[in-house]
Amino acid sequence: MQYKHLGRTGLKVSRLALGTMNFGDVTDEPTSFKIMDDAVEAGINLFDSADVYGGPQSPDMEQGYGISEEIIGRWLAQGGGRRDKIVLATKVYQPMGTGPNDKYLSAYKIRKAAEDSLRRLQTDHIDLYQMHHIDRSTPWEEIWQAMEQLVREGKVTYIGSSNFAGWQIATAQNAATARNFMGLVSEQSLYNLTARTIELEVIPALRYYGLGLFPWSPLGGGLLGGALKKAQEGRRSSPEMRKTIEQLRPQLEAYEKLCDEIGEQPADVALAWLLHNPVLTATVVGPRTPEQLAISRRALDVTLTDDTLAKLDEIWPGPGGEAPEAYAW
């Protein structure tokens, strides 16, 4: 396994992060346990979850959400030094109840959500506590005060963001600096060959402020995993995905042909392309089975030549570079 510093921190995490969104939804508990065991054995130490993960939400909001954390908690409770072998990350923001204060990032919600996550995870601290989305109504003074309290109490070690814009990352960091607080250390964004918008302003902001990047949906929901050859499998067989596949068929044909030419699987090429970016700390893979986890590890051994990288840019062009040069001069 390869490791890299989490942004500007001294903490080292594996370059593949285990995403647990499927736990409790499409992946049952025994299989989830097996995936986590295999991940640790493979050297993966970054486990990523969210309070909202776990399956379909019930009408009364009492079932579904929180199940992923509960499964991780029961796995950790088996002992054997499991907790000390992983960097545990989870998230806060999404609605976890029907009350007016059961969502977003008020100090009230942050405190309650953190306590609830700790209980479900059966641990006394969260290594990386990530804001799942920007809260446009809560001031940063309130958010940082709540996060600082969790850090002082030893319940949280680092703070991260997810789905933030570049200017929101800058605003958050400036507010943290004014409070003599470390602020954000990472950002988790949608990023893959088919979705490169964050290259405009998010990635430059991460580089400037020293934040690590964790892409989610690195395979574009399965599009980059050999969609043409596996069109009848899993999520690729849904009407919506089949429609997308047809819309992108020329690009997918060129992409899969290129992968054949260099002798690599499409999924491995997609992950290797992400790992090639120096701003990226780790990419989140969300296996539904132990076999999918084993396949993902191959990407760490794939080296893409300059010629291959150029061809990938031709097939999947980004936004034109970084802002403002991408749309001005």
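Our structure's up above, just so we're on the same page.
Remember, it's a predicted structure, so these values are computed and weren't measured experimentally.

## Re unusual backbone geometry
Here the bond from Ala 323 into Pro 324 is cis, since omega is 0°, no more than 30 degrees from zero. Along the polypeptide, Pro 324 turns up in the segment after helix H12 (306-315). Even without being glycine, Tyr 93 reaches a positive phi, approximately 155°. Its identity is not glycine, yet Tyr 104 carries a phi of approximately 75°, on the positive side. Assignment of secondary structure puts Tyr 104 in the loop between strand S5 (87-92) and helix H4 (107-121).

## As for the packing of helix H9 (residues 249-262) against helix H10 (residues 266-275)
Look at H9 against H10: their axes get within 9 Å of each other, and the N-to-C directions meet at 95°. In this view, H9 runs roughly perpendicular relative to H10, as classed from their interaxial angle. On H10, the residues touching Tyr 255, Glu 256, Cys 259 and Ile 262 of H9 are Pro 266, Val 269 and Ala 270. Residue composition of the contact of H9 with H10, by class: six nonpolar, no polar and one charged.

## Some points on the environment of Leu 150
Among the secondary structure elements, Leu 150 is positioned in helix H5 (residues 140-152). Between the alpha carbons of Leu 150 and Val 284 there is a distance of 25 Å; along the sequence they are 134 residues apart.

## Observations regarding the nonpolar core
Grouped together as the largest cluster of nonpolar side chains are 81 residues, with contacts concentrated most on Tyr 129, Met 131, Trp 144, Met 147 and Tyr 255. Among the elements that line this core, the one with the most residues is H10, at seven residues. Once residues within four sequence positions are removed from consideration, Tyr 255 is found in contact with Leu 193, Leu 224, Pro 266, Val 269, Ala 270, Leu 312, Ile 315 and Trp 316. Judged by nonpolar contacts, the second largest core, of twelve residues, contains Leu 6, Val 13, Leu 46 and Ala 89.

The rules behind these values
- Residues numbered from 1 in each chain as written.
- Predicted model: local features only at pLDDT ≥ 70, side-chain atom pairs only at ≥ 80, totals over all residues.
- Heavy atoms only, no water.
- Helix = DSSP H or I, 4+ residues; strand = E, 2+ residues; numbered from the N terminus.
- Axes fitted to C-alpha atoms, helices over the stretch in contact; angles between N-to-C directions.
- Parallel < 35°, antiparallel > 145°, perpendicular 65-115°, else oblique.
- Contact = heavy atoms within 4.5 Å.
- Nonpolar A, V, L, I, M, F, W, Y, C, P; charged D, E, K, R; others polar.
- Core = buried A, V, L, I, M, F, W, Y, C linked by side-chain atoms within 4.5 Å.
- Buried < 20%, exposed > 50% of the residue type's maximum accessible area, 1.4 Å probe, protein only.

These values are about where atoms sit, not about what they do.
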